[in-house]
Every structure is written in C-alpha cells, then in structure tokens.
Amino acid sequence: MEKIYSLVFVLQLVTVSTFAQEKLPFKNPDLPTEQRVNDIVSRMTLHEKISQLMDHSPAIKRLDIPEYNWWNESLHGVARTGYATVFPQSISITSSWDRQLIFDVANAISDEARAKHHEYLRKGQHGMYQGLTFWSPNINIFLEILAGDADTFVNNDT
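Reading the values: rules and limits
- Residues numbered from 1 in each chain as written.
- Predicted model: local features only at pLDDT ≥ 70, side-chain atom pairs only at ≥ 80, totals over all residues.
- Heavy atoms only, no water.
- Helix = DSSP H or I, 4+ residues; strand = E, 2+ residues; numbered from the N terminus.
- Contact = heavy atoms within 4.5 Å.
- Buried < 20%, exposed > 50% of the residue type's maximum accessible area, 1.4 Å probe, protein only.
- Patch = residues over 30% accessible without salt bridge, like charges linked within 9 Å, V, L, I, M, F, W, Y side chains within 5 Å.
- Areas by Shrake-Rupley, 256 points an atom, 1.4 Å probe, with all protein chains shown as cover.
- Salt bridge = Lys/Arg side-chain N within 4 Å of Asp/Glu carboxyl O.
- pLDDT = per-residue confidence, 0-100.
- Phe/Tyr/Trp six-rings, centres within 6.5 Å; stacked < 30°, edge-to-face > 60°.
- Polar contact = N/O pair within 3.5 Å; in protein donor to acceptor, adjacent residues only side chain to side chain.
- Expected span 1.5 Å × (residues − 1).

Novice: Looking at this structure, I do not really get the overall build of the protein. What am I missing?
Specialist: Along the protein, the regular secondary structure elements total seven helices and two strands. Reading the helices (α) and strands (β) of the protein from amino to carboxyl end gives α-α-α-β-β-α-α-α-α. For the protein, long-range pairs separated by at least 24 residues make up 46% of all intrachain contacts whose partners lie at least 6 apart in sequence.

Novice: How do you make sense of unusual backbone geometry when you look at a structure like this?
Specialist: Keep in mind that most residues, glycine aside, have a negative phi and that most peptide bonds are trans. Even without being a glycine, Asp-64 presents a positive backbone phi close to 60°. Of note, Asp-64 is situated in the loop between β1 (56-57) and β2 (68-69). Here Tyr-129, not a glycine, exhibits a phi torsion of approximately 70°, which is positive. Looking at where Tyr-129 falls in the secondary structure, it is placed in the loop between α5 (99-122) and α6 (141-147). Residue Tyr-129 is classed as buried on the basis of its relative accessible area of 18%.

Novice: Even after reading the chapter, I still don't get a nonpolar patch on the surface, so can you show me in this structure?
Specialist: A surface patch of nonpolar side chains, amounting to about 440 Å² of accessible area, comprises Trp-70, Trp-71, Met-128 and Trp-135. Take Trp-135: it is sitting in the loop between α5 and α6. On the basis of relative accessibility, which here comes to 53%, the residue Trp-135 falls in the exposed class.

Novice: Explanation requested: the confidence of the model for the protein in the structure shown.
Specialist: Caution applies to low-pLDDT regions: their predicted coordinates should not be interpreted in detail. With 72% of its residues at a pLDDT of at least 70, the protein reaches an overall mean of 79. Looking over the protein, one finds the lowest element-wise mean pLDDT in helix α7 (residues 150-154), namely 50, and the highest in helix α2 (residues 33-43), namely 96.

Novice: Explain the packing of aromatic side chains here, please?
Specialist: To describe a pair of aromatic rings, you give the distance between the ring centres and the angle between the ring planes. For the structure on display, the rule yields one aromatic pair. Ring centres of Tyr-68 and Trp-70 lie 4.7 Å apart, and the angle between their planes is 75°; on these two criteria the pair is classed as edge-to-face.

Novice: Which parts of the structure should I look at to understand the pattern of salt bridges?
Specialist: Side-chain pairs of opposite charge can arise whenever the charged atoms involved come near each other. All told, the structure shown has six salt bridges when counted by the stated rule. Residue Lys-27 pairs with Asp-64 through a salt bridge whose shortest N-O separation is 2.7 Å. You can see Lys-27 sitting in the loop between α1 (2-22) and α2 and its partner Asp-64 sitting in the loop between β1 and β2, a full 37 residues away along the chain. Its salt-bridge partner being Glu-119, residue Arg-122 comes within 3.2 Å of it at the nearest N-O pair.

Novice: Sorry if this is basic, but what is going on with the side chain of Gln-130 here?
Specialist: Looking at where Gln-130 falls in the secondary structure, it is placed in the loop between α5 and α6. Overall, Gln-130 belongs to the buried group, its relative accessible area being 15%. Only 2.6 Å separates the side chain of Gln-130 from the backbone nitrogen of Gly-127, close enough to count as a polar contact. When near neighbours in sequence (up to four residues on either side) are disregarded, Gln-130 contacts Asn-72, His-117, Tyr-120 and Gln-125.

Novice: Quick question: what am I supposed to make of the environment of Ile-102 here?
Specialist: With respect to the helices and strands, the residue Ile-102 is situated in helix α5. Along the primary structure Ile-102 and Ser-90 are separated by 12 residues, whereas in three dimensions their C-alpha atoms are 8.4 Å apart.

Novice: Explanation requested: α5 in the structure shown.
Specialist: The periodicity of an α-helix, 3.6 residues per turn, causes residues three or four places apart in sequence to face the same way. Spanning 24 residues, α5 covers 35 Å between terminal C-alpha atoms, matching the ideal 34 Å at 1.5 Å per step. Buried residues of α5: Val-105, Ile-109, Ala-113, Lys-116, His-117 and Tyr-120, and no others. Packed against the buried residues of α5 are β2 and α4 (90-94). Capping the start of α5, Asp-98 holds a side-chain oxygen 3.1 Å from the backbone nitrogen of Gln-100, two or three residues further along.

Below, the structure is given as structure tokens:
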C-alpha cells in the first residue's frame, strides 16, 4: 500500500511540475521580449547562467531549455551542414556595391539556415553547425566608412 501512495505522490508531483512549467512567463510568446528575458534570467542559477556563455550550452532541464550549440558560420552560405547553396565570399559580394544583391544573398542564406535548423530539431539534434546563431557574413568596414561619415572615422584622434 505504501508503494501505491508513493507512486501516486510522485505522479502528482510530476504533473504539478509539468503544469507549472507550461505557465512560466518566459514561455509565453504573447508577452514582451524584455519581460520574457528578465523572467528566464531571474529563474537561472549563477552556474546555469555561466554554462550558457560557451559555444555549447547544455540543457537546463528544470526550465525545459534544450541544449544549444552557438557555433555556426555563413560566410558564403550554410555549407558546413551538408548540401547547401554556396555563394562567393562576402567581400566579393560587397565589392559589387549592389545592396539588393547583398540582401538577396543574406535572405537566401537565412531561409536555408532555418530549414536546416528545423530539420535538426525534428531529429533532436543540437550539435555544432545545427543552430541559428551565425558569426558571419562580416561587415565590409570600407563600405560602411564610405557610406557613413568617413571624415569622422579617419580623422578621429581618440
């Protein structure tokens, strides 16, 4: 009889815990982003916060946060995860001075990246090159100087 009571207690605890997880404010997409971020950060321990600062962030099971790998790049496409569209290096594309071309290439890369990421999620994979955080393409600083206030940038004595 004690075993049955213990089992019922554990099942109730799991049910309450699962129900409480669903009601967490950071999981509510209708709330403002800042409120959701503040909520999740306030719930994390110092150790959990630190664990999220590396390229491989482990899962935080008590908050139902899956593991995540931040390491990915798209300098000329999402080529490190199998078949993908490959574009010229970003410096070649920016040399064209064609803003629409740059936008179109970035748009194609982002579409392909999301498709690949969602396929990995369906398979439960969270490894390197499988996330949505990309460290490139890089900014062509010379293009930005010419488009902005070059005189301020070049003649800045500080």
